[in-house]
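These are the residues of each chain, in order.
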Amino acid sequence: MLMAVPLLALFFTANPALQQTPQNSFDKIVKDAEVARTADRVPDAIELYSEGVRLRPSWSEGWWSLGSLLYDQDRFPEAQAAFKRFAAIATNPGPAYAFLGLCEYETREYDQALKHFQAWGSKGSPGNDALIDVAGFHWALLLTREGRFPEALYLLAGKAQKLGRSPALVEAMGLASLRMTNLPEDYPQERRDLVWLAGQAAFYSAVHEHDREEEYANKLLIHYSWEPNVHYFRGTLLGFQKERAEAAKEYQQELQLSPQHVPAMVELALVQIDDFNAAEATPLAERAVALDSRNSRAQFALGRALLETDRFQESADHLEIAKRLAPDSAPIRFGLAKAYRALGRTKEAERESAAFLSLKAKDEVLAPTQQKNGNREQAGPPK
Amino acid sequence: MINASIAALGLSLAVSAAQTAVVPQGKASTRAETGSAASSKSSFEQLSRSADKARAENRDDEAVRLYEQALNLRPGWKEGLWYLSTILYEKEKYANARDRLRCFVSQDPSAGPGWALLGMSEFQTREYSRSLDHLQHAMALGMGGRKEMAQSVFYFVAVLLTRFEQYSESTNMMIAMIKSGQQPDLLVEPLGLAALRMPLLPTEIPGDRRELIRMAGQGALALEAQRQEEAQRLFSGMVAAYPNEPGVHFLYGAFLLDVRPEDGVAEMKRELQVSPFHVPARLRLAEEYVKEERLDEALPLVQEAVKIEPGYAAAHMMMGEVLVAKGDTAGGIRELETAEKNAPQMVRTHWDLLRAYTAAGRSYDATREKEEIEKLNRPGAAQ
């Protein structure tokens, strides 16, 4: 775990119904439970809160405290059940979604955990710093498991900048950087060194210590140049530093090793477009789209290549698909504005320009923009 | 890797009389016992007796089923939780054992063997961070004289410390293990990993570097046993075979600094060519320069070390030593105080501060440091 969450420090709104309860036995349990919790008599407190919520299932504060105590004891299945009850009856269940996600991560109900992290994100990721850090980290792990690597890296890069280096963060960044759909607990042990080296390079890239990034990226190539995704990852690192020619070489090497590597095709095509070589980029981007039509960045690359070769209507078609797949991407909206303008669709061009400016202004650059243009059909990570 | 069996660990006797005598009152004390509860009690007693009998007769599957049924009736039954956990661990059902042990230690937080077995289960489920926390907690509580269990716990802690990049702590622990009679062969790879500062478990060693790691481990063992010639042969062979691997020149250099300082300095410099951000190499070089009164050469090295790893206590300590040696007592004290704050258990920092405070005429602070040193040197104090 990244760190423990001081649960009871979280903001909590007391249930007004509690004050209206007439039953003495319930009131006594509430009082005793609180005393036991404050005195750190955890087993007693758990028993008392359990009894309290049994007597009064609508006691949301009781469910919360019970869930918190059980979570702190690593008793995740029981904590999960308590937080579920809390979320069902509380007026402000926001942080409970994060705890549900964390519990479900531990009980290996990963799909459910991801849904709860997304629900938590859609509520603005409420909670104290510790909860935001731990939940955000686990959310990133699950995004990696889902193959949503740019989103995972976006979250993890934010953690890197905020919290500094930790072995857990490095490992998580390594998995996402190498596009491994694994969790730290389940990837092949013989790949640990590979993951660690990639994670170190990714971490130092995120905190803009490029000399150290370079050191680890070089070590990665020395030992693992034949491994899939290593050259692609190296290419992205070089791309962030605007070393386009070197990046292009790495993407080409990746494609020699993995001819169907869509992200390498896309990034190579985008480098070629930036180098005023859209004609060469077009077939590459077309191939990427043919292999993965739901990849927003592939659609974006093809749209841009077509735009630069004056095939405006086709460009707009692909950029519209890209926009549907990644509505929050500023560069896609910029490209679309240009395509509409070329087609004489002024009003639509103005609308897309406005959207571009708005998205660009909101953009907290924790990871390079291109890293955030993954498939985003679902709610994205918190800003 | 150690995968100790229950029999070897002596766990069948691990629940003390004090631990088994009391079953937490909880629900029983807060509810009136009904007829149905009375019948449930009788059925619990039957089940628990049958479970114990099945366990004693090595009918493990049946014992597991019976313990589970009994625990459904009385979830806080400590004896049942413990015996069920030990059977599950022995049957390599580590996740199940872990969940039961979490309940067990929640009921009895002072049970060292419970935390030990929990940590070992979490090691097997690859929850390494929790595993380390819980194993260290077990060490702090003690394991009731169970030597085999203590050896296993120490081993797991040592290899996990390396994985979490706490190389010095890991090395110190392994040396202490050898001194207390641990078979050194088992520690060759773990020591090699810690010596080369590779954050891997022995099971995670890449095939192409196993030989290197074994050479480093054997060299460290030879050095520890004061077999200088063997250490020299192993380290020089390692450097010749793997001249470009990080950590290799540092290790050889650290050995040489004690026997042929000039050659040691040269090796440290080579290490910095291979690993430009190697902080311990800088610190050992600076230490040697201080010894040789080459303070102007030592200063930039420690300044760089602090810049690379601002939170690393040893870097601040060395910086403090250099500044004091250069006559900047106030600046040195500031650095030493930072080191003390980051790692209060480092005795050398307290000695440095004692001398610096004395030189600065701060006798009250000097006395405090003296007391700290005495406290840390007491048998059993954490080093």
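Everything that follows concerns the structure shown earlier in this document.
Let me sum up the structure you'll find in this document. (Residues numbered from 1 in each chain as written. Chains lettered and ligands numbered in written order. Predicted model: local features only at pLDDT ≥ 70, side-chain atom pairs only at ≥ 80, totals over all residues. Heavy atoms only, no water.)

Some words on the overall build of chain B
Now for step 1: If you tally the helices and strands in chain B, you get 22 helices and zero strands.
Now for step 2: Across the 383 residues of chain B, 51% fall into the buried class.
Now for step 3: Excluding contacts between residues fewer than 6 apart, the proportion of contacts in chain B whose partners are at least 24 apart in sequence is 51%.
Now for step 4: About 17,300 Å² of surface is accessible on chain B, with carbon and sulfur atoms providing 50% of the total. (Helix = DSSP H or I, 4+ residues; strand = E, 2+ residues; numbered from the N terminus. Buried < 20%, exposed > 50% of the residue type's maximum accessible area, 1.4 Å probe, protein only. Contact = heavy atoms within 4.5 Å. Areas by Shrake-Rupley, 256 points an atom, 1.4 Å probe, with all protein chains shown as cover.)

Looking at the packing of helix H4 (residues 60-72) of chain A against helix H5 (residues 76-89) of chain A
Residues and elements named next belong to chain A.
Now for step 1: Relative orientation of the contacting elements H4 and H5 amounts to 155°, with a least axis distance of 8 Å. Here H5 runs roughly antiparallel to H4, going by the angle between their axes. H5 is crossed by H4, and the crossing has left-handed handedness. Residues Ser-60, Trp-63, Trp-64, Leu-66, Gly-67, Ser-68, Leu-70 and Tyr-71 of H4 form the contact with H5, whose participating residues are Phe-76, Glu-78, Ala-79, Ala-82, Phe-83, Arg-85, Phe-86 and Ile-89.
Now for step 2: The class makeup of the residues in the contact of H4 with H5 is 11 nonpolar, three polar and two charged. (Axes fitted to C-alpha atoms, helices over the stretch in contact; angles between N-to-C directions. Parallel < 35°, antiparallel > 145°, perpendicular 65-115°, else oblique. Left-handed = near helix turned anticlockwise from the far one by under 90°. Nonpolar A, V, L, I, M, F, W, Y, C, P; charged D, E, K, R; others polar.)

Points about the pattern of salt bridges
Now for step 1: Inspection of every chain in the model, using the stated rule, returns 68 salt bridges over all chains.
Now for step 2: Between Arg-212 of chain A and Glu-309 of chain B there is a salt bridge, and its shortest N-O distance comes to 3.3 Å. Here Arg-212 of chain A is found in helix H12 (residues 210-224), whereas its partner Glu-309 of chain B is found in the loop between helix H18 (295-308) and helix H19 (313-325) on a different chain.
Now for step 3: Relative accessible area serves as the criterion here: at 5%, Arg-212 of chain A is assigned to the buried category.
Now for step 4: Across the pair Glu-204 of chain B and Arg-163 of chain B runs a salt bridge, and its minimum N-O distance is 3.0 Å. Of this pair, Glu-204 of chain B sits in the loop between helix H12 (188-195) and helix H13 (210-224) while Arg-163 of chain B sits in helix H10 (residues 147-163), placing them 41 residues apart in sequence.
Now for step 5: A relative accessible area of 0% means that Glu-204 of chain B is categorised as buried.
Now for step 6: Overlapping salt bridges bring together Asp-74 and Glu-106 of chain A together with Arg-98, Asp-99, Arg-102, Glu-122, Glu-127 and Arg-130 of chain B as one network. (Salt bridge = Lys/Arg side-chain N within 4 Å of Asp/Glu carboxyl O.)

A word on the interface of chain A and chain B
Now for step 1: Residue-level contacts link 31 residues of chain A with 35 residues of chain B.
Now for step 2: Taken together, both faces of the contact between chain A and chain B bury some 3,000 Å²; the carbon and sulfur share is 45%.
Now for step 3: Ranking the residues of chain A by area buried against chain B places Gln-189, Arg-192 and Arg-212 of chain A at the top, with a combined share of 21%.
Now for step 4: In this structure, Glu-171 of chain A engages Arg-163 of chain B in a salt bridge whose closest nitrogen and oxygen atoms are separated by 2.9 Å.
Now for step 5: For the pair chain A and chain B, the interface holds 17 residue pairs in polar contact (both at pLDDT 80 or more).
Now for step 6: Of all the secondary-structure elements, those providing two or more residues to the side of chain A that touches chain B are helix H3 (42-55), H5, helix H10 (167-177), helix H11 (192-206) and H12 of chain A.
Now for step 7: Here the side of chain A that touches chain B is composed, by residue class, of 10 nonpolar, three polar and 18 charged. (Buried area = accessible area lost by both parts, 1.4 Å probe. Polar contact = N/O pair within 3.5 Å; in protein donor to acceptor, adjacent residues only side chain to side chain.)

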